[in-house]
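Here is what each chain is made of, one letter per residue.
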Amino acid sequence: MFKKSFYLIMVLVLVASMSLGVFSQEKEELPREQTLAIGGDESYCGNGFNPYGLGGWATYNRALSLTYMTLFYYNWGNGQLEPWLAESYEWSEDGKTLIVHLQPTAVWRDGTPVTADDVVFSKETLDQYGNFPIEKTVIESVTAADALTVNINVVDGKEFTNNALNNLENTPVISKTRWEGLVKEKGAEISGYLNTDYAEIDGSGPYKPILGEFTRSVYERVDDWWGNDIFGQPAPKYVMVLEYATNDLEQRAFDDGVLDWTDSFMSGSYKYVTTHDDVVCWDKENADGKIFNTAGAIYMVPNMTSTDHPELAEPWLRQAVAYAIDLDQIIDIAQEGLPFKANPSFITPSTLGDEYTDWDLIEETYGDRVIPHNPEKAIEILQENCEGSVEDGWTWNGNPVGPWQINSVAGWSDVNLMCELIQQQLAEVGLKMELNLLDYDLHMTRMQKMDFDWIDFILLSTNPSAIYPIQNYDTLFRGEPPLGDLCGYKSSPNYNAVNNLILKMWGLPIGSDESIGVAKEIQALVVPELPYIPLYVQTPWTRFHTTYWEGWPTVDNPVGIGQGSTWWEYPIPIVVLNVQAAK
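Now for a look at the structure at hand. (Residues numbered from 1 in each chain as written. Predicted model: local features only at pLDDT ≥ 70, side-chain atom pairs only at ≥ 80, totals over all residues. Heavy atoms only, no water.)

This paragraph deals with the pairing of strand S20 (residues 433-438). Relative to S20, strand S19 (residues 404-409) runs parallel, the two being bridged by six bridges. Its bridge partner lying in S20, Ser-408 is registered against Leu-437. In the classification by handedness, the crossover that spans S19, the intervening helix H12 (residues 413-427) and the parallel S20 is right-handed. (Pairing = 2+ DSSP bridges. Helix = DSSP H or I, 4+ residues; strand = E, 2+ residues; numbered from the N terminus. Right-handed = clockwise from strand over helix to strand, strands pointing away.)

Where empty space is left becomes clear once a probe the size of a water molecule has been rolled over the atoms. A full pass over the atoms with the stated rule returns four cavities of 30 Å³ or more. Roughly 110 Å³ of internal volume is contained in the largest cavity. In terms of lining residues, the largest cavity is bounded by 13 residues, among which Lys-123, Ile-134, Ile-139, Asn-163 and Asn-166 are the most central. The residue makeup of the lining of the largest cavity, split by class, is seven nonpolar, four polar and two charged. (1 Å grid on protein atoms, 1.4 Å probe; cavity = no way out; pocket = protein on both sides within 12 Å on 5 of 7 lines; lining within 4 Å. Points joined across faces, edges and corners; volume = space filled by probe spheres on them. Nonpolar A, V, L, I, M, F, W, Y, C, P; charged D, E, K, R; others polar.)

Across the sheet, which stays open at both edges, the three strands sit in the order S16-S17-S18 with antiparallel pairing between neighbours. Strands with a single pairing partner mark the edges of an open sheet, and in this sheet they are strand S16 (387-389) and strand S18 (399-400). Examined bridge by bridge, S16 and strand S17 (residues 393-396) share three bridges and lie antiparallel to one another. Bridge pairing in S17 links Gly-388 to Trp-394.

A word on the sheet that holds strand S7 (residues 97-102). Reading across the sheet, the four strands line up as S6-S7-S9-S8 and stay open at both edges, with antiparallel pairing between neighbours. Strands with a single pairing partner mark the edges of an open sheet, and in this sheet they are strand S6 (86-91) and strand S8 (139-146). Ignoring strand direction, the axes of neighbouring strands in this sheet form an average angle of 20°. With six bridges joining them, S8 and strand S9 (residues 149-154) adopt antiparallel strand pairing. (Axes fitted to C-alpha atoms, helices over the stretch in contact; angles between N-to-C directions.)

With that settled, consider the nonpolar core. Counting 125 residues, the largest nonpolar core has Val-321, Trp-404, Met-418, Trp-454 and Phe-477 as the members making the most contacts within it. Among residues more than four places away in sequence, those in contact with Phe-477 are Phe-346, Tyr-489, Tyr-495, Val-498, Ile-502, Val-526, Pro-531 and Tyr-532. (Core = buried A, V, L, I, M, F, W, Y, C linked by side-chain atoms within 4.5 Å. Buried < 20%, exposed > 50% of the residue type's maximum accessible area, 1.4 Å probe, protein only. Contact = heavy atoms within 4.5 Å.)

Counted under the stated rule, the structure contains 31 aromatic pairs. Their ring planes at 35° and their centres at 5.1 Å tell us that Tyr-299 and Phe-346 sit as a pair that is tilted. Here Tyr-299, found in strand S15 (residues 297-302), pairs with Phe-346, found in the loop between helix H8 (327-334) and helix H9 (351-356); they are 47 residues apart in sequence, far enough to count as distant. In terms of burial, Tyr-299 and Phe-346 fall into one category: buried. A cation over an aromatic ring shows up here: Arg-32 above the ring of Tyr-548, its NZ or CZ 4.2 Å from the ring centre. (Phe/Tyr/Trp six-rings, centres within 6.5 Å; stacked < 30°, edge-to-face > 60°. Lys NZ or Arg CZ within 6 Å of the ring centre and 35° of its normal.)

For Ser-408, the location among the structural elements is in strand S19. At 2.9 Å, the side chain of Ser-408 forms a polar contact with the side chain of Asn-416. Residues within four places of Ser-408 in sequence aside, it is in contact with Val-415, Asn-416, Cys-419, Leu-435, Asn-436, Leu-437, Leu-438, His-443 and Asp-456. (Polar contact = N/O pair within 3.5 Å; in protein donor to acceptor, adjacent residues only side chain to side chain.)

With that settled, the discussion passes to the pattern of salt bridges. Enumeration according to the criterion identifies 15 salt bridges in this entry. A salt bridge links Lys-136 to Asp-127; its shortest N-O distance comes to 2.6 Å. A salt bridge links Asp-328 to Lys-341; its shortest N-O distance comes to 3.0 Å. Placement of Asp-328 in helix H8 and of Lys-341 in the loop between H8 and H9 is noted, with a sequence separation of 13 residues between them. The structure contains a network of salt bridges with shared partners spanning Glu-220, Arg-221, Asp-223 and Lys-237. (Salt bridge = Lys/Arg side-chain N within 4 Å of Asp/Glu carboxyl O.)

In short, geometric facts, not functional conclusions.
Structure, rendered in structure tokens:
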């Protein structure tokens, strides 16, 4: 109660400041017309500006990419890696080395050049202590060929592997001079370092942090940024990130003009966006009502390693749960009819994804291209494998099936509502599930420790990327919590076969017949096994105010990244770079 009251007071103070045309920044003021304000939940601000901090934890900041640039950014509009801190890349003739060329004029904030040694240091230490792993079975080493050339060297037999492209668009590059001593001093504890000595923060990006609070972070433009001559100087003098306890509070701030950019769920969002002339989104005039850009497919996550509920490791149980879930009801009620259903290929849908998906297998296994709502089939499966009934509940091998808990982040109202609907739908076939609302940090901690029965969802990578759709499988079946393999797939009897097929897929040209064939071999194992429950293809609800800024990414203005959402941290500076002051 105190926390919600605190957030409400914060919003009211900001609204009052808005009426004066300024934002408070300690004793100084941020001119509203020079400030681009982004809203988000408690994963957005943190208490510091540490690139080693795990996403959403206390030392991490969602907009950190404004300061620490990546080598490239991915353009969802044209499917290409675009120059950012690096200007180009190519393969060596023998396919053993991906050669990356840095921007020759790139410098750190103190004026010293960004070098290949900085990139090597960043890749190695963020692999060891951060969130950006290097696949050691594929990447032999990352080395500096000279001051401006980075070599990503692959192991023998992995020539031309797509894995060498992995994380080029999202691993931050940091100064070796600034961080080497800190990493040696703190070791594995480096993720707890706040990095709030603003004078010492030595980034290469167009903004520098000047304020970090529990619910607010402020970045100021670097007016002599080295990239001005290449990319242009960004228009906003300040970028501010504000944290809100609930989606409703965030939308209230957006509606009042406190925020320029929000991605939070909003009840009635379609009507709101289409009836407000000062609000834009990806495709506002879409004839089918699909006005928001899509994100990744989401799947409900069982803990296949659970000792309290060993039934969760059984494919028949997961199939019964999938048949019991009414996706039409969830999409209509919890998502306002805007997303479409995910399928059990475990590939985020796209034109290329359709080629990779074994539709015949899915239809043969489940009777349709998506798993239909069929409670009678769910009950039939339970009767075949369990003792009991819908009225009295079910037992398997003498142990009760459920009751389970499903963990969800408190305040994510659309997801919370989805879980409530699933709870009701499972009850109709005699399966009991309780909704467990947690704060974000506790949710992440339990996820990492595999301390759960079910998790509300895992979100796959968004639209096609340089490693799509391989990274979909890699995330779900080969990753490490809290970023991947949340179901505990390493306990599956199919793990070794699926793992080897994914590794093979990394080495094949994306879109080739060989790559598609391997993907279908993977589906032959995971489609009937159903390690995750397909739900729907997520919508990030991205909407922008045009009162102070215009030039936001839309279908008619696909500049920069082609589309944008603060859910994906690293495109944020590209969106900011392409807006202009409203006329």
